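# Summary of structural features
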Protein chains: 2
Amino acid sequence: MKKAVILLSGGLDSSTLMAIAKQEGYELYPITFRYGQKHKKEINSAKKIASVFKAKKHMIFDIDLKKIGGSSLTTEAPVPKQRKLKEISGSIPSTYVPARNTIFLGIALAWAETIGSRAIFIGVNSIDWSGYPDCRPEYIKAFQHLTDLATKTGAEKINKIKILAPLINMTKGEIIKKGLSLGVDYSITHSCYDPIKDGKPCGMCDSCILRKKGFAEAGIKDPLT
Amino acid sequence: MKKAVILLSGGLDSSTLMAIAKQEGYELYPITFRYGQKHKKEINSAKKIASVFKAKKHMIFDIDLKKIGGSSLTTEAPVPKQRKLKEISGSIPSTYVPARNTIFLGIALAWAETIGSRAIFIGVNSIDWSGYPDCRPEYIKAFQHLTDLATKTGAEKINKIKILAPLINMTKGEIIKKGLSLGVDYSITHSCYDPIKDGKPCGMCDSCILRKKGFAEAGIKDPLT
């Protein structure tokens, strides 16, 4: 059975990604990073999602990006709140974590090569997004090129590893509709950057606002609210 | 003062790299990875080198690549011994660590962006080398392209971060001569993949053999032997 490594944060996008990879016939190897993020709660969501989708193996990988800092997700700096949609996608916000996708994809690549997987799924999106440079189509294309040169399988030109980003040109509403059609249970996902007590979403950070937009577009109620 | 992040393993190449960056007027920010390698001794060498070169800050970064495996440097698999030079550079050996340079450069990139450094030095070499795909000039070029797209500074097209690999086309002998001319003390470096008791080099692994070749070419005695 063909294997897929899936970057699984526990959010809405990566849960949908799990469903898509499953539908495409892959055996699922999700990887979740405990990197010092404020919203550690997403790791519990990732565990639930991995379990629901009967992942072959779920790797929780520890990497302390707090040691590097540079982001309001990994330091004491406040997360932006109550921003308008235009503001959210208009510039690179403080929640940008330097080189995060490069580090995460690098580790996913190591795992994929080791287990003989030829597909890495990443849930980046450049439509309803937060302006992160490492979520753009040109970034994914550049990482594919790097992958072809970085690895043993790439260098030997056999069974190259593909970087797959099937959500990249979808709106949040389209992603939710797709996920619902594949049976994703969004009640176990977590999107909020800065959850309030007992882990409930704040409703005001960029991630909550984009999620709200998605459910409104899809015309259904968010099970978390 | 301009800042440089330097991938410092504690070996011969990266020590020379420290000397080169210092000579070029950089303030030094070396980063050393404790990744589960058999030859942890190199970390002590890296600490000594960072201290000798008066690094502004030396980061020791923990990342558990044993959890992923796939290499004789991170598992119980034996390291190849007593291979001929032709064999060493002729194929990708079991000491190849999947995606290692991609992961290490990714973390170095995060640190560089956070501290406002515009230069990352990496001591890769494609002449007297072990055939690792992520040490080739085309790989470095691809990582530079990725860097330009991955980061905030890259996306905003201001003060791009440069990936510098000044040793890439030098022989081991040339690297040693260069280092000696800059005052590198090779007695505090460590190259061996599989040190014997009390940390002494085995003299038989690929890394020891390439080091031996270098000192022979430079026409001087290795202070470690």
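Residues numbered from 1 in each chain as written. Chains lettered and ligands numbered in written order. Predicted model: local features only at pLDDT ≥ 70, side-chain atom pairs only at ≥ 80, totals over all residues.

## Considering the UniProt feature "binding site: Zn(2+)" (unreviewed entry) in chain A
Residues and elements named next belong to chain A. Look at the UniProt record and you will see "binding site: Zn(2+)" (unreviewed entry) annotated at Cys 192, Cys 202, Cys 205 and Cys 208. What stands out for the annotated residues spanning 17 residues is how close their C-alpha atoms remain, the widest pair being 7.2 Å apart. Residue position: Cys 192 is located in the loop between α7 (172–181) and α8 (206–218). Excluding anything up to four places from it in sequence, Cys 192 contacts His 39, Pro 201, Cys 202, Cys 205, Ser 207 and Cys 208. You can see Cys 202 is positioned in the loop between α7 and α8. Its 16 C-beta neighbours within 10 Å are what place Cys 202 among the partly exposed residues. If sequence neighbours within four positions are ignored, Cys 202 has contacts with Cys 192, Asp 194, Pro 195, Ile 196 and Cys 208. (UniProt positions renumbered as here; feature names shortened; annotations may be inferred. Helix = DSSP H or I, 4+ residues; strand = E, 2+ residues; numbered from the N terminus. Contact = placed C-beta atoms within 7 Å. Buried ≥ 20, exposed ≤ 12 C-beta atoms within 10 Å, placed from the backbone.)

## Brief notes about the UniProt feature "binding site: ATP" (unreviewed entry) in chain A
Residue and element names in this part refer to chain A. As recorded in UniProt, the feature "binding site: ATP" (unreviewed entry) lies at Leu 8, Ser 9, Gly 10, Gly 11, Leu 12, Asp 13, Ser 14, Ser 15, Thr 16, Leu 17 and Met 18. Considering the arrangement of structural elements, one finds Ser 14 in helix α1 (residues 12–23). The class of Ser 14 is buried, set by 24 C-beta atoms lying within 10 Å. Residue placement: Thr 16 occurs in helix α1. With sequence-adjacent residues up to four places away left out, Thr 16 is seen in contact with Leu 167, Ile 175, Lys 178, Gly 179 and Val 184.

## Brief notes about the interface of chain A and chain B
Every contact between the two is made by 38 residues of chain A and, on the other side, 38 residues of chain B. Those elements giving two or more residues to the side of chain A that touches chain B turn out to be β3 (59–62), α4 (100–115), α5 (137–150) and α6 (152–155) of chain A. When residues of the side of chain A that touches chain B are assigned to their parent elements, the largest contribution, 10 residues, is made by α4 of chain A. For the side of chain A that touches chain B, a count of residues per class yields 21 nonpolar, 9 polar and 8 charged. (Nonpolar A, V, L, I, M, F, W, Y, C, P; charged D, E, K, R; others polar.)

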